[in-house]
Amino acid sequence: MNKVIVGSLAIVVAAISGCRSNSAYQPNTHRELSAQTLSLGINYVPEELSETYNNQLGFNRYTKVTAPNGKAIHIIAQDKLSDNQIIRARSVLEHYLMPYPGSEYGADKTAVANRMAENKATLLLLNGSDDGTNGAAELDGQPLYQDEIQVEGHQWYIEQNYDHRDATFEEILHLVHDTGIGVDQYESFIGVLPAYQAEIRNAQVSALAGGIWGIGSESQDWIEELRDENSLSQEYLASVVDSYYGLWGAWTESKSHGMWGVYIAKTRDEIMSEDKLGAQLMRNKFFHPYLTYNARIDDSFSGDFSLRFDQNNPYTQHSHYLKDITLTGNNDVNVIVNQLDNDITGNYGKNTVIFSGDSSQYHISSNQDGKVMVSDLIDDRDGVNTLSHVEQAEFKDKIVSL
């Protein structure tokens, strides 16, 4: 534990060509980036940054989110990160900055994004793991390591491998919290949401005092370190957000606790029942109830990818909060939909989208752009699904060619 935007926030991402990529976690040490990489909005490290984040230190790719003020929130990657890992990190940052209509602090996140850019917010995607051997971790920026970025559909994700636990949401949240939302108890407050931070601090103090967070005698030295560096509120919020998005539901070393056992809740439902102030932080405040980015399913995946919660598939603790996905690669992949309105894009293999009911319970229509709309006529079941480059729709009674 370390420390496409709607509205006025522009994501600087090139149009995705054919929505396919080679996502194997292999080094990309070539000086020349492929046309495919460039098409994904991943470029060379800009000259003004390359003196610090240079090839000698292993940095070879760059992407960014551009705030409404025209300034960049930088994402700089070393050479062993896959392109899909870089996109995954960028997508999570986009998700946090996506306006949340009707919410108290997130309806317009322009000020948060602008302040992050003004504060020179930089995400460093580093080779390997957080074992102290990567000297680039000492550079200015929020580190996130290769071995702790799970791409949807990759083996680490499907198995929910906590030796490679997904720290993407935690570390990028720290960046947003520190440089955008703002943290109190420093000499100056550099963020833009002091009222929300006051609520976060109040929930953190209550959770620590009430034995809801910072659980266990073995965590007390860590708590004191956090207190000394004024990181208590950041780490508490990360624990809540991780469980809120289902990142600890599959962890088997505790039946009840999340975030390595230091937080009382493993799942969203447990937050709502066991951490009332934490639940309030999540309820229509800043964080979307579902994941707003388009998840690129790793090209190593084949078979059925489920967007519906299934207790026999550990990854669905997280995937049932997805609503838009793009399949990559050549494998045949089927998608089981959830109750949300999903956008599903196929790959070069044969793709089938699987629905819950009989075909007579759905309305199927085609748009002028070639996309197929499948609308469930039963409320709160399969939603409205927009399908691109998908060959078949499977219903309980038959399979329909699209």
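Figured I'd write up the structure that's included with this text. (Residues numbered from 1 in each chain as written. Predicted model: local features only at pLDDT ≥ 70, side-chain atom pairs only at ≥ 80, totals over all residues. Heavy atoms only, no water.)

## Some details on helix H7 (residues 194-209)
Counting along an α-helix, one turn takes 3.6 residues, and residues three or four places apart therefore face a common direction.
Phase 1: In a regular helix each residue adds 1.5 Å, so 16 residues correspond to 22 Å; H7 covers 22 Å between its end C-alpha atoms and thus fits that length.
Phase 2: Among the residues of H7, Tyr196, Gln197, Ile200, Arg201, Ala203, Gln204 and Ala207 are the ones counted as buried. Viewed end-on, H7 has its buried residues packed into an arc of 165°, placing them on one side of the element.
Phase 3: If you follow the buried residues of H7, they end up packed against helix H6 (168-181), helix H9 (232-244) and helix H11 (276-282). (Helix = DSSP H or I, 4+ residues; strand = E, 2+ residues; numbered from the N terminus. Expected span 1.5 Å × (residues − 1). Buried < 20%, exposed > 50% of the residue type's maximum accessible area, 1.4 Å probe, protein only. Arc of directions from axis to C-beta. Contact = heavy atoms within 4.5 Å.)

## So, the sheet that holds strand E8 (residues 333-336)
Phase 1: Taken in spatial order, the five strands of this open sheet run E6-E8-E10-E14-E15, and their pairing is mixed. Single-partner strands in this sheet number two, and they are strand E6 (303-306) and strand E15 (399-401). Strand-to-strand twist of the sheet, defined as the mean angle between neighbouring strand axes without regard to direction, takes the value 25°.
Phase 2: Where E8 meets strand E10 (residues 351-354), four bridges bridge the pair, whose relative direction is parallel. The residue of E10 that forms the bridge with asparagine 334 is threonine 352. (Pairing = 2+ DSSP bridges. Axes fitted to C-alpha atoms, helices over the stretch in contact; angles between N-to-C directions.)

## What to know about a negative patch on the surface
Phase 1: Residues Asp221, Glu225, Asp228 and Glu229 make up a contiguous surface patch of negative charge.
Phase 2: Relative to the assigned elements, glutamate 225 resides in helix H8 (residues 220-228).
Phase 3: Judged by relative accessible area, which is 49%, glutamate 225 ranks as partly exposed. (Patch = residues over 30% accessible without salt bridge, like charges linked within 9 Å, V, L, I, M, F, W, Y side chains within 5 Å. Areas by Shrake-Rupley, 256 points an atom, 1.4 Å probe, with all protein chains shown as cover. Salt bridge = Lys/Arg side-chain N within 4 Å of Asp/Glu carboxyl O. Lys, Arg positive; Asp, Glu negative; His and termini not counted. Charge placed at Lys NZ, Arg CZ, Asp CG, Glu CD.)

## Observations regarding the packing of aromatic side chains
Phase 1: According to the stated counting rule, one finds 23 aromatic pairs in the structure shown.
Phase 2: Pairing tyrosine 53 with phenylalanine 59 gives two aromatic rings, centres 5.6 Å apart and planes at 90°, and the pair type is edge-to-face.
Phase 3: A relative accessible area of 7% places tyrosine 53 in the buried class.
Phase 4: Their ring planes at 45° and their centres at 5.7 Å tell us that phenylalanine 169 and tyrosine 245 sit as a pair that is tilted. Here phenylalanine 169 is found in helix H6, whereas its partner tyrosine 245 is found in the loop between H9 and helix H10 (268-274), with 76 residues between them in sequence. The burial state of phenylalanine 169 is the same as that of tyrosine 245; both residues are buried.
Phase 5: Positioned over the ring face of phenylalanine 286 is lysine 109, at 4.0 Å from the centre of the ring.
Phase 6: The ring of tyrosine 244 has arginine 268 lying over it, and the distance from NZ or CZ to the ring centre is 3.7 Å. (Phe/Tyr/Trp six-rings, centres within 6.5 Å; stacked < 30°, edge-to-face > 60°. Lys NZ or Arg CZ within 6 Å of the ring centre and 35° of its normal.)

## Considerations on helix H4 (residues 110-118)
Phase 1: Inspection of H4 places Thr110, Val112, Ala113, Asn114, Met116 and Ala117 among the buried residues, and these make up the whole buried set.
Phase 2: Each element contacted by the buried residues of H4 is listed here: strand E2 (72-78), helix H3 (83-97) and H6.

## Some words on the nonpolar core
Phase 1: In this structure, Leu125, Tyr196, Trp213, Tyr263, Phe287, Phe305 and Ile325 are the most contacted members of the largest nonpolar core, which totals 93 residues.
Phase 2: Among residues more than four places away in sequence, those in contact with isoleucine 325 are Asn294, Ala295, Ile297, Phe305, Leu307, Val335, Asp343, Ile344 and Thr345.
Phase 3: In terms of nonpolar packing, the next biggest core, distinct from the first, is built from eleven residues, Tyr53, Tyr62, Ala136 and Tyr145 among them. (Core = buried A, V, L, I, M, F, W, Y, C linked by side-chain atoms within 4.5 Å.)

## Describing the packing of H7 against H9
Phase 1: Orientation of H7 relative to H9, taken along the N-to-C sense of each, is 85°, at an axis distance of 9 Å. On the basis of the axis angle, H7 is roughly perpendicular to H9. Contacts between H7 and H9 pair Gln197, Ile200, Arg201, Ala203, Gln204 and Ala207 from the former with Leu232, Ser233, Tyr236 and Leu237 from the latter.
Phase 2: Among the residues making up the contact of H7 with H9, the classes are represented as six nonpolar, three polar and one charged. (Parallel < 35°, antiparallel > 145°, perpendicular 65-115°, else oblique. Nonpolar A, V, L, I, M, F, W, Y, C, P; charged D, E, K, R; others polar.)

## A closer look at the sheet that holds strand E5 (residues 291-297)
Phase 1: Read from one edge of the open sheet, six strands run E5-E7-E9-E13-E12-E11, paired in mixed fashion. This sheet does not close on itself; its edge strands, each paired only once, are E5 and strand E11 (362-366). Each strand axis lies, on average, 20° off the axis of its neighbour in the sheet, ignoring direction.
Phase 2: Both strand E9 (residues 343-345) and strand E13 (residues 384-388) contribute to a ladder of three bridges, which runs parallel. In the strand pairing of E13, aspartate 343 is matched with threonine 386.

## Side note on the pairing of E2
Phase 1: The buried fraction of E2 is high, at seven of seven residues.
Phase 2: A two-sided burial pattern is seen for E2, the buried positions comprising Ala72, His74, Ile76 and Gln78 on one face and Ile73, Ile75 and Ala77 on the other.
Phase 3: Pairing analysis gives seven bridges linking strand E1 (residues 59-66) to E2, with the strands arranged antiparallel. What sits directly across from phenylalanine 59, in E2, is glutamine 78.
Phase 4: The turn linking E1 back onto E2 is made up of five residues, and glycine 70 within it adopts a positive phi angle of 85°.
Phase 5: Sheet topology places E2 next to strand E3 (residues 122-126); four bridges connect them, and they run parallel.

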